[in-house]
Each structure stands twice: as C-alpha cells, then as structure tokens.
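Analysis of the macromolecular model
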Amino acid sequence: MKKMTKTSKTWEMTPSVRSYQQIRRRRRFLRFLPLYLMLLPGAAYLIINNYLPMAGLIIAFKKIDYSLGIFKSPWVGLSNFKYLFSNNDALIAIRNTILYNLGFILFGNALAIVVAIALDSARNKYFKQVSQVVFLIPFLLSTVIVSYIALAFLSPSNGFLNNSILPLLGIDDPIKWYNQSKYWPVILNIVFLWMSFGYSSILYYSSVIGIDKTYYEAAVVDGASIWQQIRYITLPGLKPTIITLMLLAVGRICYSDFGLFYLIPQHSGLLYSTTQTIDTFVYRALLELNDVGRSSAAGFLQSIVGFILVFGANWLVTKLDKESALF
Amino acid sequence: MINNNKIYSFFVNFLLVSLIVACVVPFWLLFAGSITSEDYLIQHGYSLFPKEFSFSAYSYLWAAKDSIGRAYLMSILISGIGVMANIVLTVLFAYPLAHKDLPGRGAISFFLFFTMLFNGGLVPTYMVYTNIINVKDTLAGMIVPYLLMNAFFVIIMRTYFTTNIPGEVLEAAKIDGAGEVQSLLKIVLPMSKPIIATIALMTLITYWNNWTNGIYFLTTKTDLYGIQNYLNDVMNKAAFLQSHANGMINAKSIPNISVRMAIAVIAVLPLLIAYPFFQKYFVKGITLGSVKG
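Residues numbered from 1 in each chain as written. Chains lettered and ligands numbered in written order. Predicted model: local features only at pLDDT ≥ 70, side-chain atom pairs only at ≥ 80, totals over all residues. Heavy atoms only, no water.

**Re the overall build of chain B**
Helix and strand counts for chain B stand at 14 helices and zero strands. Secondary structure elements of chain B occur, N-terminal to C-terminal, as α-α-α-α-α-α-α-α-α-α-α-α-α-α. Compactness check: chain B gives a C-alpha radius of gyration of 24 Å against a globular reference of 19 Å for 293 residues, more than 25% above the reference. Pairs at least 24 apart in sequence give 70% of the contacts found in chain B among residues at least 6 apart. If you sum the accessible surface of chain B, you get close to 13,600 Å²; carbon and sulfur atoms cover 68% of it. Looking at charge distribution, chain B has the averaged site of its 18 positive side-chain charges lying 5 Å from that of its 12 negative ones. (Helix = DSSP H or I, 4+ residues; strand = E, 2+ residues; numbered from the N terminus. Rg over C-alpha atoms; globule rule 2.2 N^0.38 Å. Contact = heavy atoms within 4.5 Å. Areas by Shrake-Rupley, 256 points an atom, 1.4 Å probe, with all protein chains shown as cover. Lys, Arg positive; Asp, Glu negative; His and termini not counted. Charge placed at Lys NZ, Arg CZ, Asp CG, Glu CD.)

Written as structure tokens, this is what we have:
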C-alpha cells in the first residue's frame, strides 16, 4: 500500500489523473467512514478521562479559583511547589512510596519465583490446580474486605494477634498496632504479599512451564540434582521474565496502591510517618484538607517523573525482550 | 523440573500447603468472627475456634436488609451498566484498529496507547469530573471515571481480532456485500466470544470491587453507595464512634463487632461461590498479554 502511494507521486499529474485520484480518495474515505464513526465514542471518552486531565496538570502552576475555572485561574509560577516542600510531609510521602515499592519488588518477586518453582515441582496434578485456585482468592478481593480482615487480626482490643498469638509468644501486653508507626513497614509488606503473591506466581509459573522439558531430562541423565536443575535451567529460563517484570515495576515506583495505604492502616494519623505515600498524600490534601495547591504540585511531580520512568523502563524492556514490552 | 527427591517433595508440599492455609485462614477468621457471640468477642477477641456461637449478627442483618440490600442492588446495577458499556466501547475501538489499511491507524493507536504511559493523576481528573463534566453525586460518578474503557483491553482485543479471525472470512463477507457494521456483528463478534467473556469478567471484578469512585465522587449521596462503599462507611463510622465514645452518632445505628464481620462475609460470599466456575477465565484474564502469555 505504502509503496503504491509513493510511486504514484512521481506520476505526471494531468488534470484527469488528479480528479481520478480525488474520486478515489473520496471513495476510500467513504469506505472507512463507518470505521471512523465506531472510533468516536471511545475517542471521546479518552479525551475526557485521559487527555483533559493531562492538560489539567497545569493547575500545579496556578492558584485555583473555582469561580474562574481551571483555565482562567491566575498563574502563580512555582509557589505551589515551594509550599509543597515547605515542610517534611511531602518528602516523607515520596520516601515511603519508593521504599515500599523497592520492598514489594524484592520480596514480591522472590516469593513469586519460589512459589512458581514449587508449583512446577509438585507431583500431584490435582494438588497443583487447587493451589493455584486458592492462591488467587486474595487477589480477587477488594481492598475494603482486606481492611476488614486486617482489622480482625490487628484490632487492639479484639484482634486475633493480641488475644491469641501474642500470649502464645509470651507477650501479655496488647500492642496498639494502629498507634505505633514502627510496625507498619512489616505489616504492609505482609498484606501486599498476601494480596498479590498468587497473581505474580501465576505469571512466573506460566513462564516456568514454557521451559523445554528436554533440558531437564538431559540434566538428570547427567546426574544433576534438584538444586542444579533450578540453578542452571529454571532460573536462567526465567531471566527474561524476571527482568521484564522488575523493570515494569521500577517504572511504576512513583505510584502506590491507594487502597493498601489508605484503608489498611484505618487512616490512622499516628501512622503517617510510615504509611503516607504520594497517592494518599494527594488524596488527603485534595479532599480532606481542600488544599489544591499542594496536592496538584505533588500530583504533577508524580505524573511527570512517573511518565519518564514508565517510558524509560519500557524502552529498556524493548531492548532486552521485545515481546514483553508494552510498546 | 524432574523431581524424584523425597525430601525436596516434602518441602514443596509443605510450602504449598502452608500458603493455602495462609490464604484460607483469614477468611475463616472473618467467618468465625461473624458467628461468635458478642460477649465472647469482647472478652476473648476474634478466634479461629470460638466457644460461644451466636447467629444474632445474621438476624440483625436480616432486619437491616433494606440498607444492605440496597447497596447490593447498587453494586449489581453499577457493575452491569459498567461492564456492558465497557465492552461496547472496547469492541468499537478495537475493531477499526484491527484493519491494517485504515488510514491514520498508527496515530490512533498512539492516541490510545499514550494513555497507558502518561496520566494527569487524581487532581486534574477530579477537577474534570467535578467542574467540566459534573458527575459528583450521580450514578455516573460510580461508572464513568477511570473504569469505562481500558486501553490495555482494547489492545488485547485488537490483537485477538487480527490473529484469530481469518482475513479470508471477512473478505468473503465483503464480496457478499456486507458492510463493516454487519461484518462486526455477524462475523467478528460471534468468533470473539472467549476474549469478550474474559474481558467482561475482569471488568466485572473491577467494578464490583471499586470503592475509590465512591469516596471521590459520592460525597453526600450515600444512598448511591455500592456494597464496597457501604462496608467502608460502616468501618469509618465504627472507628469514629470508638474515638468519640460520647459522640453525636447514635451508637445503636452502628453494627457491633460480629455484625461488621457478617456484612463482610455477605459481601465476599457471592464472589467466592462463583469463583470456581469462572476461575479458568480469571486465570486467562490475568495472564492475558502478560510475559509470553
């Protein structure tokens, strides 16, 4: 198709040819018209839901006056950003977001790889299937339900930990989980792993079963142990998947699961030093404190840095393993 | 992996069994909490094997069936409309993109794809949906923002169209005089049932579990709450009551401890009962387009 149009340009354009081309173009347009019409509703939605908010990022440089609207409000330069960093709150949120994501990437992938290899090694087919089905249940739940479950464990007066587990360990004083921030990095990592390990193990598992069985057969004939099979066949076979998933996760390092950090700690203000992330910060500043300036400035940084990282991570993935990249 | 080592097998089975337990026990705790008597809960807390049973939480829920039932119906309504609208938008956007000769196809694909790389975030999105198109305190606030169309699913569907529907079939239809709309409805859609079912299921779970649109956009109209926001609201009121013991909220209007767990049980139950039946599609959905999936 492309070649044809290229050569057609070199033709001498006599008037009759030109009108002939016009007719052709018109017929072509009419042929595709129904297709363009089909695109309209989706395009309208993308403009409203995605492109208008992108343009709306400029409010980070404005002082919003609702009576004037977003686009007519006065410009204020960088003052929202200065205000954002005038105290430590935003820095703490940024630090928490990055540290939690690093923990999630490290522990999440490690656990998922172990589980994927275990699923592959289990010999009972029925047991394998049941495990997969059960592992995905936590992933199926809404964060609201997970916050109920967390409360059943952590509630200071009625919680399972304080009433049943801690006495077994010889700790008689109940711990006020929702008042002490030092426990939360551990709690949130556990909750994250509980919610997501099924999903990520299945991703890895689908890649483990893709490894050619004859490698293992040859290795066993040569006397390879279980550990040697894992070390020299499974892990190298998983390498592209590991790198891809990690890169994609690093690309999203500025983003956090809003529900995990907002609902599971029961919005306890005492815990902000270890539970506040950029997403909860933006939400609280916007809807609880009605502070558009700070929230839009934080959101702007998240969007721009996030874009650079997502784009960069994807670009790297394309270089390493073309099929797994987003683009 | 060829595994003929008994000790290794033991460790593998041990790991998998403990993970199964770790996935199931929290639910059991939730369920056990809902059938424990309130006195026992106050004295001994939640326990896996409560010694005093009571179904008063469920009879309380039955008495309060109007408000819970309403939230349930709202969830069904929101998910139903949302899934249907989502599938229509996705199919309509994916089908033209599956035509390799569509002029401007590259630009349109980029227009779609760019939304996966970059987004304005909460503040501008909130401004758009409250100031430009006002969905605040309407049913549309639960359905439209964020969830109505997912660029990723559009790309999956487009790929499915191009790889699973033979060009010859469409060509033959065209020769027989079928227009694009007819081809889409009579040929492409019937041949795409598996992918539509998978995407519909994933969207259904997303809508059913969504609570963020409720807290962003429903500030005064709590009667539009779905079951998730209803649950969240109960939790917030109970927490408020605990911190302001003599506060203004009437203590009687807040379900007690076992009742809260009972509502949570009722909210997850349908999903858990249906899960074994849609499990196959669910697994397909989460590995869709994933690494070498």
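**So, the packing of aromatic side chains**
Both the distance between ring centres and the angle between the ring planes are used here to describe each pair of aromatic rings. This model, assessed by the stated rule, comprises 41 aromatic pairs over all chains. Measuring from centroid to centroid gives 6.4 Å for Tyr51 of chain A and Phe114 of chain B, while their planes differ by 20°, and the two rings are stacked. Of this pair, Tyr51 of chain A sits in helix H2 (residues 15-55) while Phe114 of chain B is found in helix H5 (residues 105-117), placing the two residues in two different chains. Aromatic side chains Tyr275 of chain B and Phe282 of chain B sit 6.1 Å apart centroid to centroid with 80° between the ring planes, which places their arrangement in the edge-to-face category. (Phe/Tyr/Trp six-rings, centres within 6.5 Å; stacked < 30°, edge-to-face > 60°.)

**A look at helix H8 (residues 151-164) of chain B**
All names here are of chain B. For H8, which comprises 14 residues, the first-to-last C-alpha distance of 20 Å matches the rise-based estimate of 20 Å (1.5 Å per residue) to within 8%. All of the buried residues along H8 are Ala151, Phe153, Val154, Ile155, Ile156, Met157, Tyr160 and Phe161. Those residues of H8 that are buried lie in contact with helix H4 (65-97), H5, helix H10 (180-191) and helix H11 (193-209). The opening residue of H8 is Asn150, an N-cap whose side-chain oxygen sits 2.9 Å from the backbone nitrogen of Phe152. (Expected span 1.5 Å × (residues − 1). Buried < 20%, exposed > 50% of the residue type's maximum accessible area, 1.4 Å probe, protein only. Polar contact = N/O pair within 3.5 Å; in protein donor to acceptor, adjacent residues only side chain to side chain.)

**Digging into the pattern of salt bridges**
Oppositely charged side chains may form a pair once their charged atoms are brought near each other. Tallied over the entire structure, the rule returns four salt bridges over all chains. Across the salt bridge formed by Asp101 of chain B and Arg31 of chain A, the nearest N and O atoms sit 2.8 Å from each other. You can see Asp101 of chain B sitting in the loop between H4 and H5 and its partner Arg31 of chain A sitting in helix H2, one on each of two chains. Asp101 of chain B gets classed as partly exposed once you look at its relative accessible area, which sits at 32%. (Salt bridge = Lys/Arg side-chain N within 4 Å of Asp/Glu carboxyl O.)

**Focus on the packing of helix H7 (residues 143-154) of chain A against helix H1 (residues 6-34) of chain B**
Helices that pack against each other are described as a pair by the angle of their axes relative to one another and the distance between those axes. Remark: H7 of chain A packs on H1 of chain B, axes separated minimally by 10 Å, with the N-to-C direction vectors making an angle of 80°. Put simply, H7 of chain A runs roughly perpendicular to H1 of chain B. For the pair formed by H7 of chain A and H1 of chain B, the contact residues are Tyr148, Ile149, Ala152 and Phe153 of chain A on the first element and Pro26, Phe27, Leu29 and Leu30 of chain B on the second. Among the residues making up the contact of H7 of chain A with H1 of chain B, the classes are represented as eight nonpolar, no polar and no charged. (Axes fitted to C-alpha atoms, helices over the stretch in contact; angles between N-to-C directions. Parallel < 35°, antiparallel > 145°, perpendicular 65-115°, else oblique. Nonpolar A, V, L, I, M, F, W, Y, C, P; charged D, E, K, R; others polar.)

**Notes on the nonpolar core**
Tyr148 and Trp184 of chain A together with Phe93, Leu112, Phe161 and Phe282 of chain B are the most contacted members of the largest nonpolar core, which has 149 residues in total. Not counting chain neighbours up to four residues away, the residues in contact with Leu112 of chain B comprise Leu46 of chain A together with Phe93, Leu97, Met149, Ala151, Val154 and Ile155 of chain B. (Core = buried A, V, L, I, M, F, W, Y, C linked by side-chain atoms within 4.5 Å.)

**Description of the confidence of the model for chain A**
Put simply, chain A has an average pLDDT of 87, and 92% of its residues get 70 or more. For the stretch residues 1-8 of chain A, pLDDT sits under 50, and the model shows two contacts to residues farther than four places along the chain or on other chains. (pLDDT = per-residue confidence, 0-100.)

**Some details on the packing of helix H4 (residues 89-121) of chain A against H1 of chain B**
Packing of H4 of chain A against H1 of chain B leaves a shortest axis separation of 9 Å and a crossing angle of 120°. In terms of orientation, H4 of chain A and H1 of chain B fall into the oblique class. The crossing of H4 of chain A and H1 of chain B is left-handed. The residues of H1 of chain B that touch H4 of chain A, namely those facing Val114, Val115, Ile117, Ala118, Leu119 and Ser121 of chain A, are Tyr8, Val12, Leu15, Leu16 and Leu19 of chain B. Of the residues in the contact of H4 of chain A with H1 of chain B, the class split is 10 nonpolar, one polar and no charged. (Left-handed = near helix turned anticlockwise from the far one by under 90°.)

**Things to note about the interface of chain A and chain B**
Taken residue by residue, the interface counts 103 residues in chain A and 102 residues in chain B. For the pair chain A and chain B, the interface holds one salt bridge. Where chain A meets chain B, there are 21 residue pairs in polar contact (both at pLDDT 80 or more). When its residues are assigned to classes, the side of chain A that touches chain B shows 70 nonpolar, 26 polar and seven charged.

**Section: the environment of Lys62 of chain A**
Residues and elements named next belong to chain A. Tracing the chain through its elements places Lys62 in the loop between H2 and helix H3 (79-84). Looking at Lys62, the relative accessible area reads 3%, which means it is buried. Put simply, Lys62 and Arg24 are 38 residues apart on the chain and 50 Å apart in space, counted from C-alpha to C-alpha. Sequence-distant contacts of Lys62, defined by excluding residues within four places in its chain, comprise Ile70, Phe71, Lys72, Ser73, Pro74, Trp75, Val76 and Asn80. A distance of 3.0 Å separates a polar side-chain atom of Lys62 from the backbone oxygen of Ser73.

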